[in-house]
Amino acid sequence: MKKDSYCLRINGTNLYFKSFEGVKKWFIKCGVKKRLVLEDEEYLELDDLLDIVCEGERFIYNECMIEMGDDYCEIELDVISYED
């Protein structure tokens with residue numbers, strides 16, 4: 001049975017999750033309420049995070065995710081598939 005897990009790269013650091021729900025919960029724990037703030041006043045709802053899987057790097061501007069001195073946070077979400 002194939003099971004998908006996820007790798008979320010935050011500013012060059014990889015975090016691994018067993019499920020998509022784990023990724024969403026991590027953002028909520030960090031202070032993201034409902035959506036990520038993207039470039040050019042675009043938004044991405046947390047429920048729509050699967051839309052950016054394997055799409056490359058994205059820049060987010062949520063204040064709760066920005067480290068001191070930075071204007072944005074770099075994220076990248078990829079799927080990890082296991083065959084057992």
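Scroll up to find the structure this text is about.
The structure contained in this document is the topic of the report that follows. (Residues numbered from 1 in each chain as written. Predicted model: local features only at pLDDT ≥ 70, side-chain atom pairs only at ≥ 80, totals over all residues. Heavy atoms only, no water.)

1. Considerations on the pattern of salt bridges
Next up, step 1: In the structure shown here, the tally under the stated rule is two salt bridges.
Next up, step 2: For Lys24, the salt bridge is made with Glu21, and the minimal N-O distance between the two is 3.5 Å. Here Lys24 pairs with Glu21, and both are found in helix H1 (residues 20-29), just three residues apart, close to one helical turn.
Next up, step 3: By relative accessible area, which is 13% here, Lys24 ends up buried.
Next up, step 4: Judged by its relative accessible area of 40%, Glu21 falls in the partly exposed class.
Next up, step 5: Here Asp47 and Lys24 are joined by a salt bridge, their closest N and O atoms 2.6 Å apart. Residue Asp47 is located in the loop between strand E4 (43-45) and strand E5 (58-60), and its partner Lys24 is located in helix H1; the two are separated by 23 residues in the primary sequence.
Next up, step 6: You can call Asp47 exposed: its relative accessible area is 54%.
Next up, step 7: Residues joined in a network through salt bridges with shared partners are Glu21, Lys24 and Asp47. (Salt bridge = Lys/Arg side-chain N within 4 Å of Asp/Glu carboxyl O. Helix = DSSP H or I, 4+ residues; strand = E, 2+ residues; numbered from the N terminus. Buried < 20%, exposed > 50% of the residue type's maximum accessible area, 1.4 Å probe, protein only.)

2. A few points about the pairing of strand E2 (residues 13-17)
On any regular strand, side chains alternate: one points to one face of the sheet, the next to the other face.
Next up, step 1: The pairing of strand E1 (residues 3-10) with E2 spans five bridges and is classified as antiparallel. Pairing of Tyr6 across the sheet is with Phe17, part of E2. (Pairing = 2+ DSSP bridges.)

3. With respect to the nonpolar core
Next up, step 1: Among the nonpolar cores identified, the biggest contains 20 residues, and Phe27, Leu36, Leu49 and Ile75 are the most heavily contacted of them.
Next up, step 2: Listing elements by their share of this core, those giving two or more residues are E1, H1 and strand E6 (73-82).
Next up, step 3: Residues within four places of Leu36 in sequence aside, it is in contact with Phe27, Glu42, Tyr43, Leu44, Leu46, Leu49, Ile60, Asn62 and Ile75. (Core = buried A, V, L, I, M, F, W, Y, C linked by side-chain atoms within 4.5 Å. Contact = heavy atoms within 4.5 Å.)

4. Looking at the state of the cysteines
Next up, step 1: Per the counting criterion, the structure on display carries zero disulfides.
Next up, step 2: For the unlinked cysteine Cys7, the closest cysteine sulfur is that of Cys54, found at 10 Å.
Next up, step 3: Assessed through its relative accessible area of 12%, Cys7 is described here as buried. (Disulfide = S-S within 2.5 Å.)

5. Some points on the environment of Met65
Next up, step 1: Relative to the assigned elements, Met65 resides in the loop between E5 and E6.
Next up, step 2: Spatially, the C-alpha atom of Met65 lies 14 Å from that of Leu44, the residues being 21 residues apart in sequence.
Next up, step 3: Filtering out sequence-adjacent residues up to four positions away, Met65 remains in contact with Ile10, Trp26, Phe27, Cys30, Val32, Ile60 and Cys73.

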